[in-house]
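# Breakdown of the fold
The primary structure of each chain is shown beneath.
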Amino acid sequence: GAGVSQSPSNKVTEKGKDVELRCDPISGHTALYWYRQSLGQGLEFLIYFQGNSAPDKSGLPSDRFSAERTGGSVSTLTIQRTQQEDSAVYLCASSLDGAAGNTIYFGEGSWLTVV
Amino acid sequence: AQTVTQSQPEMSVQEAETVTLSCTYDTSESDYYLFWYKQPPSRQMILVIRQEAYKQQNATENRFSVNFQKAAKSFSLKISDSQLGDAAMYFCAYTDTGRRALTFGSGTRLQVQP
């Protein structure tokens, strides 16, 4: 597609349920990032994928969070046993090859509300 | 660890006037990149301008320019001839060759008054 596509746009879930958030990066982009943006806050890095390399998971806040990227394209961020503090906008982004100076393109995010 | 600080939670500017948003950062690296991103209500982050640390010349993109002071670790964004469409959250961000992910500041909400 023309841009980074994320789904769902909005998700309301009950505390304790699992959720999956999907990201479809720009075609041809090998680098993919997940960020979390809590209300009124900046962006917090979660995880980074680059090609076939092992992902950088250093930003994942707990073992309830995981992500995978199948076939080097689409990525799924999974949050297990959701908690109210997980409520946030989850932003996905991609760049051509992950080089530091490359433009990183963002999707519109998935707004997660845990009730 | 690298940190990015935006000390102005909110700023306001009159339409057609000029406004400057502040950003400071902390790093021990010599080769790095700085960015300003705009986030309108649609939530999509849009790159406004980029600066490479090894370039002494300040980056400029139309009405947007930066004042990059490497020794002071300061990277401010100047918006000239402000327009209503400039109203948004503005985030300063940093990355270097050793860390691909961006580190963001907490953001500045810019209001543009007609």
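## Considering the packing of aromatic side chains
- Considering all chains together, one arrives at 15 aromatic pairs over all chains under this definition.
- Measuring from ring centre to ring centre gives 6.3 Å for Phe68 of chain B and Phe75 of chain B, while their planes differ by 80°; the resulting arrangement is edge-to-face. Neither residue differs from the other here; Phe68 of chain B and Phe75 of chain B are each classed as buried.
- Ring pairs connect the aromatic residues Tyr33, Tyr35, Phe45, Tyr48 and Phe106 of chain A together with Phe35, Tyr37, Phe91 and Phe104 of chain B, which therefore count as one cluster.

## Focus: the interface of chain B and chain A
- The interface is formed by 21 residues belonging to chain B together with 27 residues belonging to chain A.
- Taken together, the two surfaces of chain B and chain A that pack against each other cover about 1800 Å², and 54% of this comes from carbon and sulfur.
- One can count zero salt bridges joining chain B with chain A.
- Scanning the region where chain B abuts chain A turns up nine residue pairs in polar contact (both at pLDDT 80 or more).
- Elements with a contribution of two residues or more to the side of chain B that touches chain A: strand 5 (32–39), strand 6 (46–52), strand 10 (88–96) and strand 11 (99–104) of chain B.
- Counting residues per element, the side of chain B that touches chain A draws most heavily on strand 11 of chain B, at five residues.
- Its residues assigned to classes, the side of chain B that touches chain A shows nine nonpolar, seven polar and five charged.

Scoring rules and cut-offs
Residues numbered from 1 in each chain as written. Chains lettered and ligands numbered in written order. Predicted model: local features only at pLDDT ≥ 70, side-chain atom pairs only at ≥ 80, totals over all residues. Heavy atoms only, no water. Phe/Tyr/Trp six-rings, centres within 6.5 Å; stacked < 30°, edge-to-face > 60°. Buried < 20%, exposed > 50% of the residue type's maximum accessible area, 1.4 Å probe, protein only. Contact = heavy atoms within 4.5 Å. Buried area = accessible area lost by both parts, 1.4 Å probe. Salt bridge = Lys/Arg side-chain N within 4 Å of Asp/Glu carboxyl O. Polar contact = N/O pair within 3.5 Å; in protein donor to acceptor, adjacent residues only side chain to side chain. Helix = DSSP H or I, 4+ residues; strand = E, 2+ residues; numbered from the N terminus. Nonpolar A, V, L, I, M, F, W, Y, C, P; charged D, E, K, R; others polar.

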